[in-house]
Structure formats: C-alpha cells, structure tokens
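Structure assessment
This is what each chain is made of:
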Amino acid sequence: MRLHVLTLSPEAFPWLGEYGVVGRAVRAGRVELRTWNPRAYTDDPHGRVDDRPYGGGAGMVLRAEPLARTLEAVRAVDPALARVVCLTPHGRRFVQADAERLAASGPSLALVCGRYEGMDERFVETYADEELSIGDFVLSGGETAALVVLDAVVRLLPGVVGDPASLADESFGGQGLAAPVYTRPSVWRGRTVPEILLGGDHAAIERWRREEARARTGRRRPDLLDAEGSPDPPPR
Ligand code: ADE
C-alpha cells in the first residue's frame, strides 16, 4: 500500500516509517510512506499556505489552492490513489472498523493533516472522501492524528503483523476490550497470576478470557457492549 501524507511538518513522520511494525512493513516493501509539503506547491509568491478566516475570528486557515496543488501532484505520480482522508477535530470519530476499512480500501491512500483553525472547506468538499478525528480533544495539528491512523491501518495489512492470531484477540475486535494478560514469573512481588491461566485447560481459559473481557468492557466502556463504533454510518 502506498501512503501519502500531506503535511506542513514532514519531519514528524520518519520515526513511524523506521521503527516497529510499520518500519518493518516499509523495509519489507509492503508499505511505501511518502510525505508531501504544501509549501512546495503554493501559488503564493511568498510561499504562504495560510490566510485569515473570512468573517473574522482567531487564527489562520489553510488555503485551498496549495492543498489542491499538492494533492494533484500526488495524483500525478499515483493515479491509482483510492481515498483522501482529512484529519481534523471535527471529523467522524476514528475507530478500529475504520482502520479495517481503510486497510482494505485500495492500493493507495492520502492523509491530509489540518493545521491552524482548519482548512478551507472548499478543499475538503472538492477532494476529501472523509474527515476523521482521533478523539474528542484538540491537537495542535493533524500530524499526530495521522501517525495514529497510519499505525492502526498498516498493522492490519496482510503479512505485516507476524502472527495474525495476535490481531484476533485484541480490544475492539468485535467483543469490546481485551482481557488482562500476564507473563512470567507466576508470582511477582507477592501477586499471583489467575490460577486458571496456569492449568492448561484451553476451553476454560477461553471462557475466562471472554468473561474478563466483558467485565472490563462493562466497567470501562459500557458503550462498546451495545454497539461498537461511531454514531455516523461509515462513508461510501
Ligand atoms: N487535528 C486537531 N485535533 C485533531 C483530532 N482530535 N483528530 C484529528 N485531527 C486533529
């Protein structure tokens, strides 16, 4: 999968492409991660990519033209670009089902990182397939949100996580939060591992994990027991 990130801070992304699961996917050639800086594509003689909001108000707005030109440059080298996703605090809430959908969405994906007070709505209307927010809080830019989305998507691509079974039991896999896990030693500072996990009765362990997962979900995220995901239907 080819992943294009439109960002005024390309320096935020090499870390993701070099380390961990995503780094491994890049080195194995399963993923190509490329950043595009709208400053390099601006029509403004002074290189400006932002301007004051019409109607007044605080802050600056990302101009439509540099973003459009940057996306057109992406399309010129990657005509198969399947989806354009804008990261903004007013997008639909990003959940695991979105990561799964985006991982299966096609050979390439573009993420546009918002900045300042946001991006000119006409760019979003013209180019974006969807707007996503990673949670109900405001970040200083879409870059950290894009890192989150990229990580969540890339690890779902075929062959990226070594043992696909490790994806099956995770939180949000359809059964809410995951059960607690333990490793050696079986007694640590006087605290023991739940007896059932030491017994080797796999059916009983499976039952215990399901019950623990359900109880934990009920305590921490009762909303997940009714319906997973965000209130809006996923986009087209
Ligand atoms: N930009 C600023 N805040 C954001 C958020 N919560 N999600 C996505 N992009 C953002």
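These numbers were taken from a predicted model, which means no experiment stands behind them. (Residues numbered from 1 in each chain as written. Predicted model: local features only at pLDDT ≥ 70, side-chain atom pairs only at ≥ 80, totals over all residues. Heavy atoms only, no water.)

In the region of the ligand, the neighbouring residues are L87, T88, P89, L132, S133, I134, G135, F137, V138, L139, G141 and A145. Within the contact set of the ligand, a nitrogen atom lies 3.3 Å away from a backbone nitrogen or oxygen of T88. Residue L139 places a main-chain N or O atom 2.9 Å away from a nitrogen atom belonging to the ligand. Taking 260 Å² as the accessible area of the ligand by itself, protein coverage stands at 97%. Of all the secondary-structure elements, those providing two or more residues to the shell around the ligand are β5 (83-93) and β7 (130-133). Here the shell around the ligand gets three residues from one element, more than from any other, and that element is β5. (Near = heavy atom within 4 Å. Polar contact = N/O pair within 3.5 Å; in protein donor to acceptor, adjacent residues only side chain to side chain. Areas by Shrake-Rupley, 256 points an atom, 1.4 Å probe, with all protein chains shown as cover. Helix = DSSP H or I, 4+ residues; strand = E, 2+ residues; numbered from the N terminus.)

Reading across from one edge, β2-β1-β6-β5-β7 is the order of the five strands in this open sheet, with parallel pairing throughout. Two strands in the sheet have a free side with no partner beyond their single neighbour: β2 (32-36) and β7. On average, adjacent strands in this sheet sit at an angle of 30° to one another, irrespective of strand direction. Strands in contact with helix α4 (residues 96-103) are β5, β6 (108-113) and β7; relative to β5, the strand with the most contacts, it is inclined by about 170°. Relative to the sheet, helix α6 (residues 142-154) contacts β1 (2-6), β2, β5 and β6, its axis offset from that of β6 by approximately 160°. (Pairing = 2+ DSSP bridges. Axes fitted to C-alpha atoms, helices over the stretch in contact; angles between N-to-C directions. Contact = heavy atoms within 4.5 Å.)

Below, the discussion takes up the pattern of salt bridges. The full count for this structure, using the stated rule, is 15 salt bridges. When the shortest N-O distance is used, the salt bridge between R2 and D78 registers 2.8 Å. One end of the pair, R2, is in strand β1; the other, D78, is in the loop between α3 (64-77) and β5, with 76 residues separating them in the sequence. R2 gets classed as partly exposed once you look at its relative accessible area, which sits at 27%. With a closest N to O distance of 3.7 Å, D136 and R93 form a salt bridge. Separated by 43 residues along the polypeptide, D136 in the loop between β7 and α6 and R93 in strand β5 bring together distant segments of the chain. The class for D136 is exposed, based on a relative accessible area of 69%. What emerges from the salt-bridge pattern is a single network uniting R83, R92, D98, R101 and E130. (Salt bridge = Lys/Arg side-chain N within 4 Å of Asp/Glu carboxyl O. Buried < 20%, exposed > 50% of the residue type's maximum accessible area, 1.4 Å probe, protein only.)

On to the environment of V160. Relative to the assigned elements, V160 resides in the loop between α6 and α7 (165-168). Separated by 135 residues in sequence, V160 and A25 have C-alpha atoms that sit 5.7 Å apart. Leaving out residues up to four positions away in the same chain, V160 has contacts with V21, R24, A25, R30, V154 and R155.

For the coordinates displayed, the defined rule picks out two aromatic pairs. Note on W36 and Y41: the rings are 6.3 Å apart at their centroids and 40° apart in plane angle, and the pair reads as tilted. Under the relative-accessibility criterion, W36 is labelled buried at 4%. Look at F123 and Y127: their rings are 5.2 Å apart centre to centre, the planes differ by 25°, and that puts the pair in the stacked class. One end of the pair, F123, and the other, Y127, are both in helix α5 (residues 121-127), four residues apart, so they sit about a helical turn from each other. Here F123 and Y127 have matching classes, each one buried. (Phe/Tyr/Trp six-rings, centres within 6.5 Å; stacked < 30°, edge-to-face > 60°.)

Read these as layout, nothing more, since geometry by itself doesn't imply function.
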